[in-house]
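Examination of the molecular architecture
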Amino acid sequence: MNVLRSRQGRKAATLTSTGSPVETRMRVHALAVDEVFSALGSSTGGLTPDTVRERLTAFGPNTLPAPHRRSGWRQLASQFTDLFAIVLIVASAVTFLAYALEEPRQTGTAQLAVAIACVVVLNAGIGFAQEYSAERTAQTLQGMVPHHCRVLRGGRPDEVPVQELVPGDLVMLEAGDTVPADCRLVEAHDLAVDNAAITGESEPVARTADSSTEGEAAQARNLVFMGTDVVTGVARGLVHATGRSTEFGRIYGLTAAAPRQKTPLQREVAWMARRVAGTALAVGLLLFAVRLPTGQDAVPSFVFALGVMVALVPEGLPATLSVSLALGVRRMARHQALVKKLVAVEALGSTTVVCTDKTGTLTQAEMTVVRVWAWDQEHTVTGVGYAPRGEVSDPAPVRELLRSAALCCDARLLPPSDGERWRVLGDTTEGALLVAAAKAGLDLAVEEAAAPRTVEHPFDSVRKLMSTVHEENGTRRVRVKGAPAEVLNRCTRLDDRGEAVDLTAARRTRVAETADRMAGQGLRVLAVAEAVSAGSADDRDQDESGLTLLGLEGMMDPPREEVRAAVDACRRAGIRIVMVTGDHPLTAEAVARRVGIVRTPSPTVATGARLDEMNDVAVDRLVAGTGELLLCRVSPEHKMRVVTALQRRGEVVAVTGDGANDAPALKHADIGVAMGASGTDVAREAAEVVLLDDSFTSIAVAVRLGRGVYQNIRKFLVYLFSHNIGELAPILAATFTGFPLVPITAVQVLAIDLGSDVLPALALGAEPPESDVMDRPPRPRRERLFSADVVRRILFLGGIQAAGVCAVFFWHINASGIPYAEFSYDDPVYREAITLVQAGIVVSQFFNALAVRTEHRSVFEAGLLGNPRLIAAGLFGIALMAAISYVPLLRSVFHTAPLTPGDWAVLTIVGVLPLAADELRKLRLRRRRAPRPEGDEG
């Protein structure tokens, strides 16, 4: 039978020799080598060209679907579907309709309609420009797959594009290759594969061609997967899955199927837009209904109601929000964090849980020897990574140990070139041994020349060790490294400070206990031994017996130096950190303790196997609370399940990762954070934020900036909506006092919203985060932007401003002595009065902006001139108002009149009232919060 999966069906199809499909699934990893050739319809010489063409037609190219990207036009069009944008579009359309119905037509109405339309276009342009440019920085998934590979076809080796691979192709692999498709090994020599991109495991895993009894194909030792890297050895493998049918393709499918979550800010803005739009519409219709029975014409009443609706909608808010978020993006970029979506800036500040990967995120992904043990002596090794910088404490007693371990390595240490770091060609564990020897002062090239290798007995999964034979001074010397238990079983003597002594039972127990203790600390432990052998070149058993144990080397993937401080910052900010990794629980806990994620004696540790046994209720209980949680040996499905469980509890979840196995969870999270330098392309594609320096510290910085953005959004919300009350109050007062005209026109409202208020709001959005922002817990997920405190402050400041401008308007109107019914649109007194209203709001907003900079501290304590941009923006708004009052062209557009110096003096007194009142409010709050003196019970 031939086991093949065609692109015509999602199910695995078993094809008989006649080609008819049978609905059954064959597990190729459980078959013997000769059975695999038969099952996949191939031979030791590979496929024939005719068979390749047939299967390429049947199964399609070995590629993954390109990541779905909206075209530039679709991205731009989506900017107009935001609810605020729809509200403004409707307002513009209604204004055009009002202009068409007016008799005579007023140019101001047309100008208002055009201006609102321009606001919509401006907002859309800002959002599109940021998101389009960031999207283009994301790499496609195809970059992770090699472009060519070596195969046997028709009995001859050939190099073909990977997209032309088909099931049954015989692929040749060697160290340094990236596996081009899922393959069943039929021949393997000293093969080790780095599966980090698929499983998240940091250590290379050995692979063999023997049949496997593992139930899960992903755990089978005779399978290699697309996108993984060959670390050591050579092999041949039969392709059994291509394209989307591969394990890599399955993860891609999970990523594509995972819905993109809305950020808290998106939900809040949508909620706010619905409320604002509903309130504006309701108030407008109410006033239209109130004016009609009074004898007013329908069209003027409609325009009047439209002015009310325009006054209630903060037209400048979308632009201010977009620019404020863009400023946050720029600040994060300076800290090596690329934000692909504007709203992701604030989402980081809302994070309550960070689910972090280990390898490459918390650690450096560079195995490093940190401890060397010789009999009764432990030596520390300084320095981290593959750079041979550091030293071994008291290296003389362990020099021979380090030399033997280095000689028994196939890897090579490569110096940096073109600004790159030191690299290892081959097994990273062997790279760590080479670096340790170099730190002890050994010249590896000299040592290899002095002891040329004559025989190698490669590592295999049964012996769990590797040995090499060297000619040294006329003797045949064997060097061995491997698992402590296996090496110890082959040892009869022990090196004690240069003297070989008998390895007694007590000494053997002592060595085993030391190895277990080091392993319990999260170290990967190798034993090193040597012997002088008289055996033949082919006598492996003789070479690996009667050994003298030299000692143990303990190594680890070291945490990044800056991670602990970042973890501490997240803890102070009330953010829970959950480690989610594919590594062993002991290794995960050791790293978690080193970086400060785990500080208690007994954290909760759960494996993927345990998660498989749990239902959703049990998983919810597992992630509940704020305790320390480590999830180990987990798959992409497990990660998504954990993220979903946390979200069900109301958590705002950020997920960090760098491998393809992290991508589904990155996309499903509230905020996905991928590593930019070491991360895979699929991870970067799925994330909203990419850390260009792979530093966990950047997460803490981004959270701090995100919280600052949220604070600033609240500041300019108070600033913008409080003046909406100042605009609406005179209109309502005019309606209920019987004044026939509006105290402020829609064009004037728009001039305030877009001319005078936008720059100060942007300056408020650029305020740096307050010093204690990371000492506060995350805001509750259900907390509204328009919280009770925010609404009260809006009403407080807006009410004072409204009282002031209403007093100024009606004082000027009543002082003229003209009956209300005799006022007309062109009356000079009316034009002066509406100018006073507009100028009164602008001047009040200048002082209002100073007031909202702080919530509790006095603005004088924070520094009256602490935000120069805010002062400059406020003065620009006043200058613009002066131009509207004095420049003839602008006076004709806005229907205003020149103001006298006395008018400006009155307006200044009225304007300073919100600031003065807010300072008194802050003083009262500070006194309430101040600690009482001892003994004061009153």
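Think of each chain on its own: its residues are numbered from 1, step by step along the sequence as written. Only residues with pLDDT of 70 or above have their local features reported here, since the model is predicted, and side-chain atom pairs are shown and tallied only from 80 upward, although totals for entire chains, interfaces and linings are computed over all residues. Note: side-chain values were computed over all heavy atoms of the structure, leaving out hydrogens and water.

1. Digging into the overall build of the protein chain
Strands here are runs of E lasting at least two residues and helices are runs of H or I lasting at least four, both read from the DSSP assignment and numbered beginning at the N terminus. Assigned secondary structure in the protein chain consists of 33 helices and 29 strands. Only protein chains enter the accessibility calculation, which uses a 1.4 Å probe. A residue is then buried if its area is under 20% of the maximum for its type, exposed if over 50%, and partly exposed in between. In the protein chain, which comprises 938 residues, the proportion classed as buried is 56%. We call two residues in contact when some of their heavy atoms are within 4.5 Å. Long-range pairs, those at least 24 residues apart, make up 72% of the contacts in the protein chain with a sequence separation of at least 6. With an accessible surface of roughly 38400 Å², the protein chain has 57% of that area assigned to carbon and sulfur atoms. Computed by Shrake-Rupley with a 1.4 Å probe, the accessible areas treat only the displayed protein chains as cover when residues are assessed.

2. A closer look at the confidence of the model for the protein chain
Per residue, pLDDT measures the predictor's confidence, with a range of 0 to 100. Counting all residues, the mean pLDDT for the protein chain is 82, and 86% of those residues have values of 70 or more. Predicted confidence is poor over residues 1-25, with pLDDT under 50, and the contacts of this stretch with residues over four places away or in other chains come to 54 contacts. pLDDT under 50 marks residues 137-146. Its contacts with residues more than four places away, or in other chains, come to 33 contacts.

3. Description of the sheet that holds strand E11 (residues 337-339)
Spatial ordering of the open sheet is given by E11-E29-E28-E27-E12-E24-E26-E25, a layout of eight strands whose pairing is mixed. Strands at the two margins of the open sheet, each flanked by one partner only, are E11 and strand E25 (604-607). Taken over all neighbouring pairs, the strand axes of this sheet differ in orientation by 20° on average, direction set aside. Between any two strands, pairing holds if DSSP finds at least two bridges. Relative to strand E26 (residues 629-632), E25 runs parallel, the two being bridged by four bridges. Bridged to Thr604 within E26 is Leu629. Working convention: axes come from line fits to C-alpha atoms, limited for helices to the stretch in contact. Angles between N-to-C directions cover 0 to 180 degrees. Seen against the sheet, helix H21 (residues 616-623) touches strand E24 (576-580), E25 and E26 and runs at an angle of roughly 130° to E26.

4. Describing the nonpolar core
Core analysis: the biggest nonpolar cluster contains 126 residues, and Met272, Ile597, Val689 and Phe696 have the highest contact counts within it. Not counting residues up to four positions away in its chain, the partners in contact with Met272 are Phe84, Leu317, Leu717, Phe721 and Phe786. Listed in part, the 29 residues of the second largest apolar core include Met614, Ala618, Val655 and Ala674. In this description, a nonpolar core means a group of buried Ala, Val, Leu, Ile, Met, Phe, Trp, Tyr and Cys residues linked to one another through side-chain atoms lying within 4.5 Å.

5. Remarks on helix H16 (residues 505-520)
What a helix is expected to span follows from its residue count: subtract one and scale by 1.5 Å. The terminal C-alpha atoms of H16, which comprises 16 residues, lie 22 Å apart, in line with the 22 Å expected from a rise of 1.5 Å per residue. Of the surrounding secondary structure, the elements contacted by the buried residues of H16 are strand E13 (368-374), helix H15 (484-489), strand E22 (524-532) and strand E23 (547-556). In the stretch just after H16, Gly522 is the one whose phi turns positive, near 85°.

6. A look at the packing of helix H29 (residues 828-851) against helix H33 (residues 901-929)
Taken N-terminus to C-terminus, the directions of H29 and H33 make an angle of 30°; their axes are 8 Å apart at the nearest point. Here the hand of the crossing between H29 and H33 comes out right-handed. Packed against H29, whose contacting residues are Leu836, Ala839, Gly840, Val843, Ser844, Phe847, Leu850 and Ala851, the element H33 presents Asp903, Trp904, Leu907, Thr908, Val910, Gly911, Val912, Leu915, Asp918 and Lys922 at the interface. Throughout this entry, Asp, Glu, Lys and Arg are counted as charged residues, while Ala, Val, Leu, Ile, Met, Phe, Trp, Tyr, Cys and Pro are counted as nonpolar. The remaining residues, Gly among them, count as polar. Across the contact of H29 with H33, the residue classes tally to eleven nonpolar, four polar and three charged. For any helix crossing, the convention is left-handed if the near helix is rotated counterclockwise from the far helix by under a right angle, and right-handed if that rotation is clockwise.

7. Brief notes about the pairing of strand E14 (residues 377-380)
Relative to E14, E13 is paired through four bridges, and the arrangement is antiparallel. Each residue of the ladder has a partner; that of Ala374, found in E14, is Gln377. With antiparallel pairing between neighbouring strands as the criterion, E13 and E14 make up a hairpin whose turn holds two residues, including Asp376 at a positive phi of roughly 65°.

8. Some remarks on the pattern of salt bridges
Any Lys or Arg side-chain nitrogen located within 4 Å of an Asp or Glu carboxyl oxygen qualifies as a salt bridge. In this structure the tally under the stated criterion is 40 salt bridges. Residues Arg403 and Glu447 are paired through a salt bridge, measuring 2.4 Å at the closest nitrogen-oxygen approach. Here Arg403, found in helix H12 (residues 399-407), pairs with Glu447, found in helix H14 (residues 444-450); they are 44 residues apart in sequence, far enough to count as distant. Using a relative accessible area of 15% as the deciding quantity, one classes Glu447 as buried. A salt bridge links Arg476 to Asp543; its shortest N-O distance comes to 2.7 Å. A residue pair is termed long-range when its members are at least 10 positions apart, and Arg476 in strand E19 (residues 475-482) and Asp543 in helix H17 (residues 540-543) qualify at 67 residues. Considered together, Arg476 and Asp543 belong to a single accessibility category, that of buried residues. Several salt bridges share partner residues, and in doing so they unite Glu400, Arg403, Glu447, Glu472, Arg477, Arg479 and Glu530 into one network.

9. Here's the deal with H12
In terms of burial, H12 is a largely internal element, seven of the nine residues being buried. Where H12 is concerned, the buried positions are Leu401, Leu402, Arg403, Ser404, Ala405, Ala406 and Leu407.

10. Some points on unusual backbone geometry
Unlike most non-glycine residues, Arg633 shows phi in positive territory, near 55°. Within the secondary structure, Arg633 sits in the loop between E26 and helix H22 (636-648). You can call Arg633 partly exposed: its relative accessible area is 37%. Non-glycine residue His895 carries a positive phi angle of around 60°. Among the structural elements, His895 can be located in the loop between helix H32 (888-894) and H33. A relative accessible area of 10% places His895 in the buried class.

11. Regarding the packing of aromatic side chains
The criterion for an aromatic pair is that two Phe, Tyr or Trp rings (for Trp, the six-membered ring) have centres within 6.5 Å, with stacked assigned to planes under 30 degrees apart, edge-to-face to planes over 60 apart and tilted to the rest. Overall, the coordinates contain eight aromatic pairs when judged by the stated rule. Relative to Trp375, the ring of Trp373 has its centre 6.0 Å away and its plane inclined at 80°; by these criteria the two rings are edge-to-face. Trp375 shares its class with Trp373; the two are buried. Considering the side-chain rings of Phe739 and Phe823, the 5.5 Å spacing of their centres and the 50° angle between planes classify their relative orientation as tilted. Highlighted residues: Phe739 in the loop between helix H25 (697-737) and helix H26 (746-756) and Phe823 in the loop between helix H28 (788-815) and H29, separated in sequence by 84 residues. Classification of Phe739 as buried rests on a relative accessible area of 2%. Assessed through its relative accessible area of 6%, Phe823 is described here as buried.

12. Re the side chain of Thr242
The residue Thr242 is located in the loop between strand E10 (229-241) and helix H7 (247-257) in this model. What makes Thr242 buried here is its relative accessible area of 7%. Ignoring sequence-local partners within four residues, the contact set of Thr242 consists of Asn62, Leu165, Val166, Pro167 and Ala181.

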